[in-house]
Amino acid sequence: MNKSLSILLLSAFPVLALAAGNQTDGHGHDMAEMHKNMAGMRQEANDSAAGKAGDPAKVSRTVGVSMDDTMRFTPNRISVRAGETIRFFVKNAGKIPHQMVIGTMDEFKEYAEMMRKMPDMKHAEPNTITLAAGQRGGIIWQFDKAGEVDFACLIPGHMEAGMAGKIKVE
Ligand SMILES: [Cu+2]
């Protein structure tokens, strides 16, 4: 299991623990309301104009993506169908860390700004995989509407150097 995935799993546990504690805390209603709001916020954070985190049990197919130090994704043009859940099997073939983030250019700008302010912050969002040299990992993503979705490496300087690609959703 790669590092990002285990961080993701760890971050899911406190939510589960809170939800389980909810039945015995004696303030059922307020707590339930609070958890509902929290779940809503979490859902919003995971949703994107680009689609949403996919269900591993509903993967339609796997698409291999390689990243390297020439600041390129191979392939950098991918076609999918609306509604498909794709498992991106990502490999860092380079000698420095790279990242694949699925989203929109607006989201990338926001994220890049955050990375500049907090370069040491570790991200474990479902639309993101960050890999050290030689590592492999995956993103499971569901595309819900026709259009164009972007992907990029948001490590400072990489997208600017051309490390980006497009997914055509038909
Ligand atoms: Cu990169």
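Just so it is clear, the structure is predicted and the values come from calculations on it, not from any experiment. (Residues numbered from 1 in each chain as written. Predicted model: local features only at pLDDT ≥ 70, side-chain atom pairs only at ≥ 80, totals over all residues. Heavy atoms only, no water.)

This next bit is on the coordination of the copper ion. Coordination of the copper ion by the protein comes from His98 (ND1), Cys153 (SG), His158 (ND1) and Met163 (SD), over a distance range of 2.0 to 2.6 Å. Here the donor residues for the copper ion map to a single chain with the spacing H-x54-C-x4-H-x4-M. Residue Cys153 is found in the loop between strand 9 (147–152) and strand 10 (164–169), and its partner Met163 is found in the loop between strand 9 and strand 10; the two are separated by 10 residues along the sequence. Pair check on accessibility: Cys153 and Met163 agree, each one buried. (Donors = N, O, S within 2.8 Å, 3.2 Å for Na, K, Ca; no water. Helix = DSSP H or I, 4+ residues; strand = E, 2+ residues; numbered from the N terminus. Buried < 20%, exposed > 50% of the residue type's maximum accessible area, 1.4 Å probe, protein only.)

This paragraph deals with the side chain of His98. Here His98 shows up in strand 6 (residues 98–103). There is a polar contact of 2.9 Å between the side chain of His98 and the side chain of Asp69. Beyond its immediate chain neighbours, meaning those up to four positions away, His98 contacts Met67, Asp68, Asp69, Met71, Asn92, Ile129, Thr130, Leu131, Cys153, Ile155, His158 and Met163. (Polar contact = N/O pair within 3.5 Å; in protein donor to acceptor, adjacent residues only side chain to side chain. Contact = heavy atoms within 4.5 Å.)

Bringing the side chain of Asn127 into the picture now. Following the sequence through the fold, Asn127 ends up in the loop between helix 3 (105–117) and strand 7 (128–131). Exposure remark for Asn127: the relative accessible area of 15% places this residue in the buried category.

The next subject is the sheet that holds strand 7. Pairing within the open sheet is mixed, and its five strands lie in the order 4-10-9-6-7. Edge strands, defined here as strands with exactly one partner in the open sheet, are strand 4 (77–80) and strand 7. Ignoring strand direction, the axes of neighbouring strands in this sheet form an average angle of 20°. Contacts from helix 3 reach strand 6, strand 7 and strand 9, with the element oriented near 140° to strand 6. (Pairing = 2+ DSSP bridges. Axes fitted to C-alpha atoms, helices over the stretch in contact; angles between N-to-C directions.)

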